[in-house]
Amino acid sequence: MTEIEVEGVGTYRLPNDWQYGRLGRMRGEKRHIAVLAFGCGMTVRQFAKLPLDRQQAVHRAYLALMSPPEPEPADNDAMALPGGRWSTELKVKVGCWLMHMKSTLPRGHFGPWVERQPGLSRSMAMQCMALARAYQDRLQAA
């Protein structure tokens, strides 16, 4: 999400690099108000003339854009992984499951998701996915 429609004000977008450069000398509350105003395409004076409830709505839009993304439903999917040594067959199954999960998660979310899985390290996940890819390639070649 990169923009939010604020009723009575317009579209709020996070300021771009040029606008952040203009904010360089400001500090504290003045800087925050300027971020809110620039995101609406207004000057600080124009923003100050808005009713307090509209200013608060813009602030809520800013907070919504700055908050971390909600976890995908797939983040909660878990597979019971046994302890000890894994057979090649189990590694292929786990690798197929991991490749499916990687395709459903947004870019950049798979690594942290793997680290949250009990009994699965990042290196084991890479090994399982490599075995699953090789297995799928052999099936396609046959």
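Anyway, here's the lowdown on the structure attached to this text.

### Details of the pattern of salt bridges
And step 1. Applying the stated criterion across every chain, the model contains 3 salt bridges.
And step 2. Of the charged contacts in the structure, one is a salt bridge between E3 and R13, with a shortest N-O distance of 2.8 Å. Separated by 10 residues along the polypeptide, E3 in strand 1 (residues 3-6) and R13 in strand 2 (residues 10-13) bring together distant segments of the chain.
And step 3. Judged by relative accessible area, R13 falls into the partly exposed class, the value being 43%.
And step 4. In this structure, the salt-bridge partner of D53 is R54, at a minimum N-O distance of 3.6 Å.
And step 5. Residue class for D53 comes out partly exposed when judged on its relative accessible area of 40%.

### Here we look at the state of the cysteines
And step 1. Counted by the stated rule, this structure contains 0 disulfides.
And step 2. Here C96 stays free of any disulfide, with the sulfur of C128 as its closest cysteine sulfur at 9.9 Å.
And step 3. Given a relative accessible area of 29%, C96 falls into the partly exposed group.
And step 4. Note on C128: relative accessible area 0%, which makes it buried.

Cut-offs applied
Residues numbered from 1 in each chain as written. Predicted model: local features only at pLDDT ≥ 70, side-chain atom pairs only at ≥ 80, totals over all residues. Heavy atoms only, no water. Salt bridge = Lys/Arg side-chain N within 4 Å of Asp/Glu carboxyl O. Helix = DSSP H or I, 4+ residues; strand = E, 2+ residues; numbered from the N terminus. Buried < 20%, exposed > 50% of the residue type's maximum accessible area, 1.4 Å probe, protein only. Disulfide = S-S within 2.5 Å.

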